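Below are the chains, spelled out letter by letter.
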Amino acid sequence: VLTLLCGQLVISMENSKMVEIQLLAARQLSEEQKKRAELAEENRKKEELFVDSLSHELRNPISGIMGSVA
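Per chain, residue numbering runs from 1 following the sequence as it is written. Local features in a predicted model are, by the rule used here, given only for residues with pLDDT of at least 70; side-chain atom pairs are given and counted only at 80 or more, and totals for whole chains, interfaces and linings are based on all residues. Computation of side-chain values: all heavy atoms of the structure, hydrogens and water removed.

Another aspect to go through is the overall build of the chain. Helix and strand assignments come from DSSP, with helices taken as H or I runs of at least 4 residues and strands as E runs of at least 2, each series counted from the N terminus. In terms of regular secondary structure, the chain is built from one helix and zero strands. In this description the radius of gyration comes from C-alpha coordinates, and the expected globular size is given by 2.2 Å times residues to the power 0.38. Taken over the C-alpha trace, the chain has a radius of gyration of 30 Å; the compact-globule value for 70 residues is 11 Å, which it surpasses by more than 25%. Each of the three principal axes of the chain carries a C-alpha extent, and together these read 100 × 10 × 5 Å. In the chain, buried positions account for 0% of the 70 residues. For the chain, the accessible surface area stands at approximately 6,700 Å², while carbon and sulfur atoms represent 64% of it. Here the chain contributes 9 positive and 11 negative side-chain charges, whose respective centroids are spaced 2 Å apart. The buried label applies to any residue whose accessible area, calculated with a 1.4 Å probe on protein chains only, is under 20% of its type's maximum; exposed applies above 50%, and partly exposed to all values in between. Here, Shrake-Rupley sampling with a 1.4 Å probe gives the accessible areas, and only protein chains in the shown set may cover a residue. Only four residue types enter the tally: Lys and Arg on the positive side, Asp and Glu on the negative side, with His and both chain ends excluded. For the purpose of locating charges, the reference atoms are NZ of Lys, CZ of Arg, CG of Asp and CD of Glu.

Pasting the structure below:
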């Protein structure tokens, strides 16, 4: 009986180590996902700023041309 208990103890300890490894991997994945989300948000803001600037630069000359024609 003692041999069986010792064997089960070893199995339990190994399972515990595996759970710790899985939790660590999940935390690392979560951190990577947060970093990717932050980078995606930064890229979205840069694209939005670019489109706003481009739109402004196009509207001004067109407005001037339209104003001088009318």
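Attention now moves to the pattern of salt bridges. The working definition used for a salt bridge is a side-chain nitrogen of Lys or Arg within 4 Å of a carboxyl oxygen of Asp or Glu. Inspection of the entire model under this criterion finds two salt bridges. Between Arg-44 and Glu-48 there is a salt bridge, with the nearest N and O atoms lying 2.9 Å from each other. Highlighted residues: Arg-44 and Glu-48, both in helix H1 (residues 2-69), separated by four residues, approximately one helical turn. Where salt bridges share partners, they join Glu-41, Arg-44 and Glu-48 into one cluster.

One can find Asn-60 in helix H1. Along the backbone, Asn-60 and Ala-37 are 23 residues apart, and their C-alpha atoms lie at a distance of 35 Å. Within the structure, the side chain of Asn-60 is placed 3.0 Å from the side chain of His-56, a separation counted as a polar contact. Think of a polar contact as two N or O atoms within 3.5 Å of one another; within protein, one of them needs to be a possible hydrogen donor and the other a possible acceptor, and neighboring residues in sequence only count if both atoms come from side chains.

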